[in-house]
4 protein chains.
Amino acid sequence: MVLREGDLAVVWIDPKRVYLVRLEKGKKLDTDRGSLPFDNVIGREYGDFVEISKGRAFIMYPSLDYIYDGLHRPSQVLYPKDIGYMIFKSGIRPGDTVVEAGTGSGFLTISLSHFLGPSGKVISYDVREDMQERARKNLELVGLLDRVELKLGDVRENIDEVNVDAVFLDMPDPWLATETVYKALKPSGSVVVFVPTVGQIEKTFLSLRKNGFVDVEAVELILREYQVKENATRPRSIGVTHTGFIITGRKSIKGSSEIGE
Amino acid sequence: MVLREGDLAVVWIDPKRVYLVRLEKGKKLDTDRGSLPFDNVIGREYGDFVEISKGRAFIMYPSLDYIYDGLHRPSQVLYPKDIGYMIFKSGIRPGDTVVEAGTGSGFLTISLSHFLGPSGKVISYDVREDMQERARKNLELVGLLDRVELKLGDVRENIDEVNVDAVFLDMPDPWLATETVYKALKPSGSVVVFVPTVGQIEKTFLSLRKNGFVDVEAVELILREYQVKENATRPRSIGVTHTGFIITGRKSIKGSSEIGE
Amino acid sequence: MVLREGDLAVVWIDPKRVYLVRLEKGKKLDTDRGSLPFDNVIGREYGDFVEISKGRAFIMYPSLDYIYDGLHRPSQVLYPKDIGYMIFKSGIRPGDTVVEAGTGSGFLTISLSHFLGPSGKVISYDVREDMQERARKNLELVGLLDRVELKLGDVRENIDEVNVDAVFLDMPDPWLATETVYKALKPSGSVVVFVPTVGQIEKTFLSLRKNGFVDVEAVELILREYQVKENATRPRSIGVTHTGFIITGRKSIKGSSEIGE
Amino acid sequence: MVLREGDLAVVWIDPKRVYLVRLEKGKKLDTDRGSLPFDNVIGREYGDFVEISKGRAFIMYPSLDYIYDGLHRPSQVLYPKDIGYMIFKSGIRPGDTVVEAGTGSGFLTISLSHFLGPSGKVISYDVREDMQERARKNLELVGLLDRVELKLGDVRENIDEVNVDAVFLDMPDPWLATETVYKALKPSGSVVVFVPTVGQIEKTFLSLRKNGFVDVEAVELILREYQVKENATRPRSIGVTHTGFIITGRKSIKGSSEIGE
């Protein structure tokens, strides 16, 4: 597939230099490894590379993982390891309808709408308008805005939707939203919560158990990266040691807080 | 949604007692917690529960994570933590075409076809016919066989398909398949490999780098489960400490083994 | 060194079959791998082996790590990984005086008196007389009782000693003992606390900071065991995933709760 | 204890600013947090603090863990977590004789001689004279040189000593030293090896098993640090993710390579 003006592309120089760009004639990408005029990219194909002053830049298809790398900001704590697990555990599939809060920078929103496909729907709540504007721009850039409804609102007070397939929470006090989440979900639907601190695990878990959720689990994923060299392969010495904890559960018909593990 | 004869359902008693069943009148599920006649389930809804002799059984929607629990066998090493990450990193999306080897018990096949949706396609190779028969039964049970093509064959020798979006390898010597995988992939397409031992990391990684793949990474995911009790929350004492390592890469146009990290 | 009647020895059959015994003529050790008459051991040397019905039993010197294996009971949570770190971080050395609470089964007591040597001293408090009797027997068995003073008492209320080099706490509510520990320690002396749950980390840490301790740190050690086979080396699949958390600090002269990290 | 000229002290400002100094009148320590004239320290006590331009400096007793912090250089990979475990597993105790190779910067040498006490002995081999000179200076500084014998030599070729209690190896190819180590050890004595890469685990482990060692184990320790704040406690986000692997074993009389796990 030949790249044309207006196409979205990922410029991959190395794992720490990944850029998501829209190709425009006469424009360029500036990096500390050199400059990349988009005129040199237009007419090439995904998978191809272009020489830059300090090495080579690969032009990659804007798949989800590269969108993540391209949009990722240091303040974010949701990592691919967490998102992949959260989506798997939620049981969602193409075509499902999902509620999310808060929107944040919109990266989980992007991931959810990616996996739900064109027939799926994400309704994303946030109490901050500025965050939603930022997310709107990101969604627009990657062409997924039509699968998403951004709502300014507080899920602790109300969720408009009912019978949704899953609810994802990435907010400071998810235990205050377990009742509204229960009402919004279809029976057997799943709730998936991400929290960064140890104290939030217990509050969220116990609140879910008290409010009609079963199969409640709390886990953490630790990612180890390996540095591979011939006869010298080893786990990397320095890296991310913590992002957060994931708590999941299922809506049962009729509360059943006494269900043990 | 009222459950009828012929419907697929998950019977969830506790995290270690999860059963995937097709509801048939007059039949029942026997467990060490008691017997569950399906006649007591037909007419109920997903999310509902039925009393059994030692507690309660929840009737859950057969979503992917429960299918996993229901089909999971001790010999398997691919866990939700690994599958979620592999799918995220692959960048695949609904409608894509994916090659997989080996088929094994078919659980990764099920996960892939689940996320690719009805317009997606999985071509799954295995050298063992008995494994593919087992996988075929599992795929039939969960209604996903029409999205999958099972092929008896050795991907180290040949992959029929070209221009596929991603290739997933879970086989003893994936480094012997990097050339055929390169040919099968579309440019910028991704390869995702799962291996259980430390020696396989290096061989796979270096073989990918030598054969035209860039952005090659090797990681491992460690899952910690938390045991939550009021004022006594802690990581679980005993559990799974290792499953395997995941190596990922992207096909570049023209080999570029010299691309550094 | 030829083994004689009355000598202490470790019988090592495999990592899960390690026995601490005192050699007595006419007696024997019974295991599920066979019986070992001590008459067959007397006259041998440490490092030697004796055939038993299902394999071989190695006769080992009763060094600290084997004493640990030999005395270890499933209920214990202090593991070598934790004890080694705790002793290192405490800064103690041969000849020091150390206070410990609670005594428990006496294994930390044994480790401390081992490293403090014949000129060192451990004062070990416990509120339960039965635990101290058990510990006394263990200390007698390994010949370290003369380095230890067992005291029935509650360190939350009082510690008799002053100017001690370090205090080790393995008790349910160590935050209630931080004031008495402060009084007992010499300036610059260290406190080392072991707790199993996440909620205890914060309480202990903040209480130490409020009561004149500086350089307060909280850590956890995760041990991974490797299963080594030619071309198939990998981390072990199942194992211990959690024991506890270690909080350490130093007594400063004059309280300094406001000292940041 | 009043501090005098010539005393060794640790200046602790925060966990990343720990300095080991010998107090000399008229001299001072310069840090990015301010300058500390030693005249302000002489006459104080360990545990006391001195105001500096940006905060406070605590004057601490030069215990082993602070010596570690004070001497630690980025290139080192042996961490307290590893050293504590290695010493525990070795079973050494005050008064023992231990061989070590290589000397490196001498930090393991310091730790060993610390725990062996004044009646213990460390013989430390290295093939590089410059490393031994650096170690000699460190040992002199902390007053432990009289417990250590530094030898220029290659343990793969020869170890002069016999009947030693334990041997510690931190060298690139420890599997080439297993025969000389076997000869140097007393029966039932222990060997403790530290290696950074995954390929070294297997080579070392299998070489020990082939050369008469039993109870051979390979482990890795992962340290997680916690960041404690009221209601916001969590594992630290970024940190050390790998140092190395520890392989331990015991000398048996007569080789027994066939001893299973």
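Up top is the structure.
Small disclaimer: the values here were computed from a predicted structure and weren't measured.

*Asks:* Mind showing me how you'd approach the overall build of chain A here?
*Replies:* The helix and strand tally for chain A stands at six helices and 15 strands. With the C-alpha coordinates of chain A rotated into their principal frame, the extents come out at 65 × 45 × 30 Å. The 261 residues of chain A split such that 63% are buried. Side-chain charges in chain A split into 35 positive and 38 negative, and the spacing between the mean points of these groups amounts to 3 Å.

*Asks:* How should I be thinking about empty space enclosed by the protein in this particular structure?
*Replies:* Empty pockets left among the atoms are what a rolling probe the size of a water molecule brings to light. Evaluation of the coordinates by the stated rule reveals seven cavities of 30 Å³ or more. In this structure, the largest cavity encloses a volume near 240 Å³. Surrounding the largest cavity, 20 residues form its lining, I222 of chain A, I222 and R224 of chain B, I222 of chain C together with I222 of chain D being those nearest its centre. For the lining of the largest cavity, the residue count by class is twelve nonpolar, four polar and four charged. By volume, the second largest cavity is sized at about 70 Å³. In this structure, the second largest cavity is lined by T241 of chain B together with L223, R224, E225, P235, R236, I238, G239 and V240 of chain C. Broken down by secondary-structure element, the contributors of at least two residues to the lining of the second largest cavity are β12 (213-227) and β14 (238-240) of chain C.

*Asks:* So what exactly am I meant to see when it comes to the pairing of strand β15 (residues 245-251) of chain D here?
*Replies:* On any regular strand, side chains alternate: one points to one face of the sheet, the next to the other face. Residues and elements named next belong to chain D. Here β15 lies mainly inside the structure; seven of its seven residues are buried. Alternating positions in β15 separate into two faces, F245, I247, G249 and K251 on one and I246, T248 and R250 on the other, with burial throughout. Bridging between strand β11 (residues 185-195) and β15 involves six bridges; their strand directions are antiparallel. The residue of β15 that forms the bridge with V191 is G249. Judged from the six bridges that link them, strand β12 (residues 213-227) and β15 form a sheet pairing that is antiparallel. Within the sheet, the bridge partner assigned to V214 lies in β15 and is R250.

*Asks:* Help me out: how do you make sense of the pairing of strand β6 (residues 55-60) of chain C in this one?
*Replies:* All names here are of chain C. Counting buried positions over the six residues of β6 gives five, a clear majority of the element. Pairing geometry for strand β1 (residues 8-14) and β6, over three bridges, is antiparallel. Among the inter-strand pairings, W12 is bridged to a residue of β6, identified as F58. Between strand β5 (residues 49-52) and β6, which follow one another and run antiparallel, lie two residues.

*Asks:* Before we go on, may I ask you to explain the interface of chain A and chain B in this structure?
*Replies:* Much of the literature gives interface size as the accessible area that the parts lose upon coming together. Residue-level contacts link 70 residues of chain A with 70 residues of chain B. The junction of chain A with chain B conceals about 6,200 Å² of combined surface from both sides, 64% of it contributed by carbon and sulfur atoms. In this assembly, chain A and chain B are joined by two salt bridges. Two residues, D65 of chain A and R250 of chain B, come together in a salt bridge whose shortest N-O distance is 2.5 Å. The interface formed by chain A and chain B contains 27 residue pairs in polar contact (both at pLDDT 80 or more). In terms of residues, the side of chain A that touches chain B owes the most to one element, strand β12 (residues 213-227) of chain A, which gives twelve residues. Residue composition of the side of chain A that touches chain B, by class: 35 nonpolar, 13 polar and 22 charged. Pairing between β12 of chain A and strand β12 (residues 213-227) of chain B: nine bridges, direction antiparallel.

*Asks:* Any chance you could explain helix α3 (residues 107-116) of chain D here in plain terms?
*Replies:* Owing to its 3.6 residues per turn, the α-helix aligns residues three or four sequence positions apart on the same side. Burial of α3 of chain D is extensive: ten of the ten residues sit out of reach of the surface. All buried positions along α3 of chain D are accounted for by F107, L108, T109, I110, S111, L112, S113, H114, F115 and L116 of chain D.

*Asks:* Would you take a moment to explain the environment of F168 of chain B for this structure?
*Replies:* All names here are of chain B. Among the structural elements, F168 can be located in strand β10 (residues 164-169). What makes F168 buried here is its relative accessible area of 0%. For the pair F168 and M131, spaced 37 residues apart in sequence, the C-alpha separation works out to 17 Å. If we skip the residues at most four places from it in the chain, F168 touches M86, I87, S90, I92, V98, V99, E100, A101, L108, L112 and V192.

*Asks:* Any chance you could explain the packing of helix α1 (residues 64-71) of chain B against helix α3 (residues 107-116) of chain B here in plain terms?
*Replies:* Packed helices, taken two at a time, are described by their axes: the angle between them and the distance between them. Residue and element names in this part refer to chain B. Taken N-terminus to C-terminus, the directions of α1 and α3 make an angle of 170°; their axes are 11 Å apart at the nearest point. By the angle between their directions, the pair α1 and α3 is classed as roughly antiparallel. Two secondary-structure elements touch here, α1 through L64, I67, Y68 and L71 and α3 through F107, I110, S111, H114 and F115.

*Asks:* Could you clarify how one ought to interpret the packing of aromatic side chains in this entry?
*Replies:* Given two aromatic rings, one states the distance between the centres and the angle between the planes to describe the pair. Per the stated rule, a full pass over the model turns up 34 aromatic pairs over all chains. Relative to F213 of chain A, the ring of Y182 of chain A has its centre 5.7 Å away and its plane inclined at 85°; by these criteria the two rings are edge-to-face. Of this pair, Y182 of chain A sits in helix α5 (residues 178-184) while F213 of chain A sits in strand β12, and the two are 31 residues apart along the sequence. No difference in accessibility class separates Y182 of chain A from F213 of chain A, as the two residues are buried. K186 of chain A extends its terminal NZ or CZ atom over the ring of Y61 of chain B, reaching a point 4.4 Å from the ring centre.

*Asks:* Explanation requested: the relation of the copies chain A and chain B in the structure shown.
*Replies:* The two chain copies are connected by a rotation around an axis plus a translation along it. Of the transformation placing chain A onto chain B, the axial shift is 0.0 Å and the rotation is 180°, giving an RMSD of 0.0 Å. Taken together, the rotation and translation relating the two chain copies correspond to the operation of a two-fold axis. Nearest to the rotation axis, the C-alpha of G84 of chain A is located 2.0 Å from it, this being the minimum over chain A. Both copies present the same face, since 100% of the interface residues in chain A are matched by interface residues at the equivalent positions in chain B.

*Asks:* Explain the interface of chain C and chain D to me, please; I cannot follow it from the model alone.
*Replies:* At the junction of the two partners, chain C supplies 69 residues and chain D supplies 72 residues. Among the residues of chain C in contact with chain D, F88, Y226 and V228 of chain C are the three that bury the most area, contributing 11% of the side total. Our enumeration of links across chain C and chain D arrives at two salt bridges. Remark: the boundary between chain C and chain D carries 27 residue pairs in polar contact (both at pLDDT 80 or more). For the side of chain C that touches chain D, the element with the highest residue contribution is β12 of chain C, accounting for twelve residues. Partitioning the side of chain C that touches chain D into residue classes produces 35 nonpolar, twelve polar and 22 charged.

*Asks:* Can you walk me through the pattern of salt bridges in this structure?
*Replies:* Two side chains of opposite charge can pair, provided their charged atoms sit close to one another. Summed over the entire model, instances satisfying the criterion amount to 64 salt bridges over all chains. When salt bridges that share partners are traced, they join D14, R17 and D32 of chain A into one network.

*Asks:* Help me understand the sheet that holds strand β1 (residues 8-14) of chain A, please; the structure alone is not making it clear to me.
*Replies:* All names here are of chain A. One open sheet accounts for four strands, arranged β2-β1-β6-β5; its pairing is antiparallel. Either end of the sheet is taken by a strand with one partner, and the two such strands are β2 (17-22) and β5 (49-52). Shown here is a sheet whose adjacent strand axes are inclined to one another by a mean of 25°, direction ignored. Where helix α1 (residues 64-71) meets the sheet, its contacts fall on β1, β2 and β6 (55-60), and the angle it forms with β2 comes to roughly 100°.

*Asks:* Help me understand unusual backbone geometry, please; the structure alone is not making it clear to me.
*Replies:* Trans is the common state for peptide bonds, and a negative phi is the common state for residues other than glycine. Omega for the peptide link from A101 of chain A to G102 of chain A comes to -10°, which places this bond in the cis form. Assignment of secondary structure puts G102 of chain A in the loop between β7 (97-101) and α3 (107-116). Not every positive phi belongs to a glycine, and S188 of chain B is a case in point at roughly 75°. Looking at the element boundaries, S188 of chain B is found in strand β11 (residues 185-195). With a phi angle near 65°, N163 of chain D is a residue other than glycine that sits in the positive phi range. Mapped onto the fold, N163 of chain D is located in the loop between β9 (148-152) and β10 (164-169). A relative accessible area of 52% means that N163 of chain D is categorised as exposed.

*Asks:* Please explain the side chain of T178 of chain D as it appears in this structure.
*Replies:* All names here are of chain D. Locating T178 in the fold gives a position in helix α5 (residues 178-184). For T178, a relative accessible area of 3% corresponds to the buried category. With residues near it in sequence (within four places) discarded, T178 still touches S207, L208, N211 and F213.

*Asks:* Looking at this structure, how should I read the sheet that holds strand β5 (residues 49-52) of chain B?
*Replies:* Each strand in a sheet pairs with another by means of backbone hydrogen bonds, the pair being arranged parallel or else antiparallel. Residues and elements named next belong to chain B. With respect to topology, four strands assemble into an open sheet ordered β2-β1-β6-β5, the strand pairing being antiparallel. Strand pairing shows two members of the sheet lacking a second neighbour, β2 (17-22) and β5, which therefore form its edges. The mean inter-strand angle of the sheet, taken between neighbouring strand axes irrespective of direction, is 25°. Its contacts with the sheet put α1 on β1 (8-14), β2 and β6 (55-60), and the angle it makes with β2 is roughly 100°.

Calculation rules
- Residues numbered from 1 in each chain as written.
- Chains lettered and ligands numbered in written order.
- Predicted model: local features only at pLDDT ≥ 70, side-chain atom pairs only at ≥ 80, totals over all residues.
- Heavy atoms only, no water.
- Helix = DSSP H or I, 4+ residues; strand = E, 2+ residues; numbered from the N terminus.
- Buried < 20%, exposed > 50% of the residue type's maximum accessible area, 1.4 Å probe, protein only.
- Lys, Arg positive; Asp, Glu negative; His and termini not counted.
- Charge placed at Lys NZ, Arg CZ, Asp CG, Glu CD.
- 1 Å grid on protein atoms, 1.4 Å probe; cavity = no way out; pocket = protein on both sides within 12 Å on 5 of 7 lines; lining within 4 Å.
- Points joined across faces, edges and corners; volume = space filled by probe spheres on them.
- Nonpolar A, V, L, I, M, F, W, Y, C, P; charged D, E, K, R; others polar.
- Pairing = 2+ DSSP bridges.
- Contact = heavy atoms within 4.5 Å.
- Buried area = accessible area lost by both parts, 1.4 Å probe.
- Salt bridge = Lys/Arg side-chain N within 4 Å of Asp/Glu carboxyl O.
- Polar contact = N/O pair within 3.5 Å; in protein donor to acceptor, adjacent residues only side chain to side chain.
- Axes fitted to C-alpha atoms, helices over the stretch in contact; angles between N-to-C directions.
- Parallel < 35°, antiparallel > 145°, perpendicular 65-115°, else oblique.
- Phe/Tyr/Trp six-rings, centres within 6.5 Å; stacked < 30°, edge-to-face > 60°.
- Lys NZ or Arg CZ within 6 Å of the ring centre and 35° of its normal.
- Least-squares fit on C-alpha atoms with pLDDT ≥ 70 in both.

By themselves, these figures tell us nothing about what the structure is for.
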